[in-house]
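Inside the fold
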Amino acid sequence: MKKRWFAGLLTLSAITLVGCSSGDKAESDKAVATTSEGNITESQLYDQMKETAGTTALQQLILTTVLEGQVKDKDDLKEKAKADVAGQIEQYGGEDSFNSLLAQSGYANKDAYEKSVYLNNLVSEVVESKVDLSDKAVEAYYKDWQPDITVDHILVDDEDTAKDIIKQLDDGADFAELASKYSTDTATKDNGGEIGPFGKGEMDAGFEEAAYGLEKVGDITPEPVQSSYGYHVIKLVDKPEKGALDDVRDELEKDMKNEKLNDTAFVQDTIAQLVKDSDVKIKDSDLESVLDNFKTSEEQQEDSDTNSGDATTDDANTNSDDSDSDKNTESDSNSDSDTNSDENSDQ
């Protein structure tokens, strides 16, 4: 149910480029494979990898290098990535199952995935460090802030089933039993449908609005709640009172950081500015376009507006050419008509 903030940032590749500059190919172009018909050299491998995955791989390498310069302890983040991957391997029943899942997701192996998790950790720490946590910012955030809540839910595919479940609950049926029987959310159906605690901005908008709209523990949504996942019946389990600012400041700051991590524009702008400040220069002319992916949201919008304007101009020119062509055709037709008229007159 929860949103994945990093999904739209970059597509991470499992491939690391073999470093070999074009200027010293003749001196150090070692063979990486040999055949009876000839050798495969480092430069050939580099060129091939550059063609197939160079842009994505270089993006990852640049981003990793730039972000490592912004964190206090990169080794700690690497260890966290290892521990996270180890936990996932156990969760999915061992390395064979995990590797199969990685292959389906486009990762070459566990090490490649671990690098992407490490990069994710780098992005999180750096973006969080850029969040404004001044007294003024925290006080403004506190005005509309609500504490995390916990709910039970039953997810079904159609509205009629959800309505029938609500009727059964009104007649005294047990929520947990109905969740086990009807819910299509396999992650929660066997624990009463429990989700949370969760805060604002973490769930599907329709689900979140309905959940926070419940006032008392035990209250159930009177109508099915539609989300991108289907139809929900939601029951309020826990809704703490909003405490004084000083008492909940740590929680506020945590929520402010999470909100910014889910803000694609903020993440993009933060990363783009760091790359600019790092004065990155691409030495391989074939890969110069790599930096196009490190633009602020404003720059991306300007590019979009420019492209849109160019397309409009092209359409206008096309229409103008079509109009001129029509006029020429009409003129030729009139000319032929006049010629025929003169011939008839002579006769």
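Scroll up a little and you will see the structure.
Attention in this report is confined to the structure presented alongside it. Treat the numbers as computed from the prediction; the structure is a model and nothing was measured.

Moving on, we come to the sheet that holds strand 5 (residues 225-227). Spatially, 4-3-6-5 is the arrangement adopted by the four strands of the open sheet, whose pairing is antiparallel. Strands at the two margins of the open sheet, each flanked by one partner only, are strand 4 (194-198) and strand 5. Averaged over all pairs of adjacent strands, the angle between strand axes in this sheet comes to 40°, irrespective of strand direction. Of the pairings in the sheet, the one linking strand 3 (residues 149-156) to strand 4 comprises three bridges and is antiparallel in character. Its bridge partner lying in strand 4, Ile149 is registered against Phe198. Where helix 8 (residues 175-182) meets the sheet, its contacts fall on strand 3 and strand 6 (230-238), and the angle it forms with strand 3 comes to roughly 45°.

On to the nonpolar core, then. Core analysis: the biggest nonpolar cluster contains 42 residues, and Leu67, Leu252 and Ile271 have the highest contact counts within it. Among the secondary structure elements, those contributing two or more residues to this core are helix 2 (42-68), helix 3 (74-91), helix 4 (95-105), helix 5 (110-129), helix 6 (135-144), helix 10 (245-261) and helix 11 (264-277). Membership of the second largest hydrophobic core comes to 12 residues, among which are Val151, Phe198, Ala211 and Leu236.

Moving on to the packing of aromatic side chains. Taken as a whole and assessed by the stated rule, the structure comprises six aromatic pairs. When the ring of Tyr92 is compared with that of Phe98, the centres are 6.4 Å apart and the planes differ by 40°; the resulting orientation is tilted. One aromatic cluster in this structure is built from Tyr92, Phe98, Tyr107 and Tyr113. Above the ring of Tyr212, the side-chain terminus of Lys200 is found at 4.6 Å from the ring centroid. The ring of Tyr142 has Lys242 sitting right over it, with the charged end atom 4.4 Å from the ring centre.

Reading guide: rules and limits
Counting restarts for each chain: residues are numbered from 1 in the order of the written sequence. Local features are withheld for residues below a pLDDT of 70 in this predicted model, meaning they are given only at 70 or higher, and side-chain atom pairs are given and counted only at 80 or more; totals for whole chains, interfaces and linings count all residues. Side-chain figures throughout are based on the complete set of non-hydrogen atoms in the structure, without hydrogens or water. Criterion used throughout: strands pair if DSSP finds at least two bridges between them. Runs of H or I in DSSP of at least four residues are treated as helices and runs of E of at least two as strands, each being numbered from the N terminus. Lines fitted to C-alpha atoms define the axes, with helix axes restricted to the stretch in contact, and inter-axis angles between N-to-C directions lie between 0 and 180 degrees. Note on contacts: a residue pair is in contact if any heavy atoms of the two residues lie within 4.5 Å. As used in this record, nonpolar core signifies buried Ala, Val, Leu, Ile, Met, Phe, Trp, Tyr and Cys residues forming a set joined through side-chain atoms within 4.5 Å. Accessibility here uses a 1.4 Å probe with only protein chains present; expressed as a share of the type maximum, an area under 20% marks a residue as buried, one over 50% as exposed, and anything in between as partly exposed. Any pair of Phe, Tyr and Trp rings, taking the six-membered ring for Trp, is counted once the centres come within 6.5 Å. Such a pair is stacked with planes under 30 degrees apart, edge-to-face with planes over 60 apart, and tilted for the rest. We call a charge positioned over a ring when the NZ of a Lys or the CZ of an Arg lies within 6 Å of the ring centre and within 35 degrees of the ring normal.

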